[in-house]
Amino acid sequence: MAEPKTSLGDIDHAKYVDDAQPHHAEDTDNLTSLGYKQQLQRNRSTLTLLFQSLAVAAIPYGFGSTLINAVYGGGQLAMFIGWIAVCLLDECVAISLAELAAKYPTSAGPYYWSFQIAGPQYRTLLSFITGWTWLIGNWTITLSVNFGFASLLAATVNLYQVDYEWQPWKLVLLCWALCLVTFFIVAFANRLLPLVDTFCAVFTAVTIVVVCVWLSVAAKQGRHSPSDTLIHFDPSLSGWGDFSFFIGILPPTYTFAALGMITSMAEECGDATVRLPRALSLAMPVGCIAGLFFVIPLCATLPDLASILNAPLGQAIPYVFLQVVGSPSGALVLTILILIITMFCSISITVAASRTTWAFARDNAIPLAHVWSRVNAQYGTPVWALVLTTVIQMLLSLIYLGSSSAFNAFVSVGVVALAVSYGIPIALSVWSGRSGVSTAPWTLGSKVGWTANLVAIAWILFELVLFSMPPAIPVTPSTANYAIVVFVGFMTISAAWYWAHAQHVYKGPPASDGLHAADRMDE
């Protein structure tokens, strides 16, 4: 194996790079050509990135924690057909992102791509907008996992303590506890994280099999006919009529919304120009097939839809387990399996979010950027970016003290912000005639590429509408959707920061000529 080149700009990296991990000079050269020096350990492969993608999706948690929306959406038709449809649509998004990641394999991700593709007159502003949207999406989708864990845990307690009341402050403290536990694991166990992702993928597969068999065998509420299992549809629960079907596809959409976040791991993957896009393109087919073994048994044994709407804290999956298995202890075992998956998901998604925070700070785009862009030499981790990511989540969770629908807001803002940050560079690539990605080391070719890009853009636009709607009408405090309020609030803050200060210091990420932003500022 060729030894990596070490220049003066790479001295810091040389202090803590793990020599036991594969590290190719070509990766460092590629990163240098994009304007950055190597600072993180390249300890990821195609498989570990694929496993991280599946850990971030956390299918039993992602689908189960938002199952109440599928119930509002009419039940089985939205769950089964919706799962397949969303997987096909999200694959178009995934492979569109994969092409861009292959062309520009950097942790800066979407905002770097926007800068490279957009015209000189608008590229700095567009990259700033994309970057802040990308950052907001990372923070809020990660919070949705941690807050969802707290809600799911609380709903699990109610399996045994039906009358126990969960005051908002208790859920907030549970969320904080998970944030802190995740922080210490991510901060100080970086070398073990690929193993964590691998174990999570295996554990998720085992859990799906256990749930599939247990629900299918128990079926205390009876088994539906094949037609009702796959296409039963009750449009009366949400108030939206036949449009309820689209409300019902929110669970699979949420499950795979954060798939693109692994692009922030580009600087920790060997041979990133091929391995990263390969992992992105494989995650959806693997996740789709695995998810069917979870979704179909649920569809076949689902209890009365109207009764599920009364599930504690809006967490339907523990209630469904209880009704289908027939005993609190059995439901507890199945729910604990999902809680363990959620813990792994929290770790994996926090890793990706912290890398995004670090990358954006590295380009001087957020306040106190010089603090958040530091990399801890001992652990090879951007610890201060992780601190910021954790603190932001803990502060945002306080919203729940004033609004019981905060979880839905976190979910919706996360999906909307991530979708927008995906859509901007994809749309810019289409506008440029795909001139950049056509020469990427991993590309779909002209016909497939154009089709995937256009479908991805259309799907992203529809997601923006879908996740801005309340799941049921008339709107109640528990079904209100405050996503737009939170999203606009974030964007207003970022705009104020840009006009007050950032426009004077943010020159965009480095150009693909090896120049750093600081170098361009001096020109």
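The name recorded for the protein chain in an unreviewed UniProt entry is Amino acid permease, from [Torrubiella] hemipterigena.

Some thoughts on the packing of helix 9 (residues 168–188) against helix 17 (residues 328–362)
Packed helix pairs are characterised by how far apart their axes lie and by the angle those axes make with each other. At a minimum axis distance of 9 Å, the contact between helix 9 and helix 17 shows a crossing angle of 65 degrees. Comparing the axis directions of helix 9 and helix 17 gives the class roughly perpendicular. Crossing of helix 9 against helix 17: the hand is right-handed. Each of Leu 178, Val 181, Thr 182, Ile 185 and Val 186 in helix 9 lies in contact with helix 17, whose residues at this interface are Met 343, Ser 346, Ile 347, Thr 350, Val 351 and Arg 355. Residue composition of the contact of helix 9 with helix 17, grouped by class: 7 nonpolar, 3 polar and 1 charged.

Brief notes about the state of the cysteines
For the structure shown, the criterion picks out 0 disulfides. Of the cysteine sulfurs around Cys 87, a residue in no disulfide, the closest is that of Cys 288, at 3.5 Å. As a non-bridged cysteine, Cys 200 has Cys 345 as the owner of its nearest cysteine sulfur, 7.3 Å distant. Looking at Cys 200, the relative accessible area reads 1%, which means it is buried.

Some remarks on a nonpolar patch on the surface
A surface patch of nonpolar side chains, amounting to about 560 Å² of accessible area, comprises Trp 169, Leu 173, Val 391, Leu 395, Leu 398 and Leu 401. For the nonpolar patch, the secondary-structure elements that each account for two or more residues are helix 9 and helix 19 (383–396).

Thoughts on helix 8 (residues 123–160)
Helix length check: helix 8, at 38 residues, gives a terminal C-alpha distance of 56 Å against a target of 56 Å (1.5 Å per residue), a fit within 8%. Of all 38 residues in helix 8, 30 are buried; the element is thus mostly enclosed.

With respect to helix 17
If you check helix 17, its first and last C-alpha atoms are 50 Å apart, about what 35 residues at 1.5 Å a residue would give, namely 51 Å. Counting buried positions over the 35 residues of helix 17 gives 29, a clear majority of the element. One or two steps after helix 17, the chain reaches Asn 364, where phi turns positive at roughly 65 degrees.

Brief notes about the pattern of salt bridges
Side chains that carry opposite charge are capable of pairing whenever their charged atoms lie near each other. For the coordinates displayed, the defined rule picks out 4 salt bridges. The closest approach of N and O atoms between Arg 434 and Glu 99, which form a salt bridge, is 2.8 Å. Residue Arg 434 is located in the loop between helix 20 (406–431) and helix 21 (446–466), and its partner Glu 99 is located in helix 6 (residues 76–103); the two are separated by 335 residues in the primary sequence. Exposure remark for Arg 434: the relative accessible area of 3% places this residue in the buried category. In this structure Glu 99 comes out as buried when scored by relative accessible area, which is 1%. Taking the shortest distance from any N to any O, the salt bridge between Arg 362 and Glu 267 comes out at 2.9 Å. Here Glu 267 lies in the loop between helix 13 (250–255) and helix 14 (272–301) and Arg 362 lies in helix 17, a separation of 95 residues in the sequence. You'll find Arg 362 and Glu 267 in the same group, each marked buried.

About the cut-offs
Per chain, residues are indexed from 1 in the order of the written sequence. Given that the model is predicted, a residue must reach a pLDDT of at least 70 before its local features are reported, and side-chain atom pairs must reach 80 or more before they are shown or counted; all residues, however, enter totals for whole chains, interfaces and linings. Here the side-chain values reflect all heavy atoms present in the structure, with hydrogen atoms and water set aside. Lines are fitted to the C-alpha atoms to define the axes, a helix being fitted only along its stretch in contact, and any angle between axes, read from their N-to-C directions, falls within 0 to 180 degrees. The helix and strand labels rest on DSSP assignments: H or I over at least four residues marks a helix, E over at least two residues marks a strand, and numbering proceeds from the N terminus. Each angle receives one of four descriptions, namely roughly parallel if under 35 degrees, roughly antiparallel if over 145, roughly perpendicular if within 65 to 115, and oblique otherwise. Left-handed describes a crossing whose near helix is turned anticlockwise from the far helix through less than a right angle; right-handed describes the clockwise counterpart. By definition in these notes, contact holds between two residues if any of their heavy atoms fall within 4.5 Å. Here the term charged refers only to Asp, Glu, Lys and Arg, the term nonpolar to Ala, Val, Leu, Ile, Met, Phe, Trp, Tyr, Cys and Pro, and the term polar to all other amino acids, Gly among them. We call a pair of cysteine sulfur atoms a disulfide when they lie within 2.5 Å. Remark: exposure states derive from per-residue accessible area (1.4 Å probe, protein chains only) relative to the maximum for the residue type, with buried under 20%, exposed over 50%, and partly exposed in between. The patches reported here contain residues having more than 30% relative accessible area and no salt bridge. Joining distances are 9 Å for like charges and 5 Å for nonpolar side chains (Val, Leu, Ile, Met, Phe, Trp, Tyr). Using a 1.4 Å probe, the Shrake-Rupley method yields the accessible areas, and only the shown protein chains count as cover for residues. Salt bridges are defined as contacts in which a side-chain nitrogen from Lys or Arg sits within 4 Å of a carboxyl oxygen from Asp or Glu. Multiplying 1.5 Å by the residue count of a helix minus one yields the expected span of that helix.

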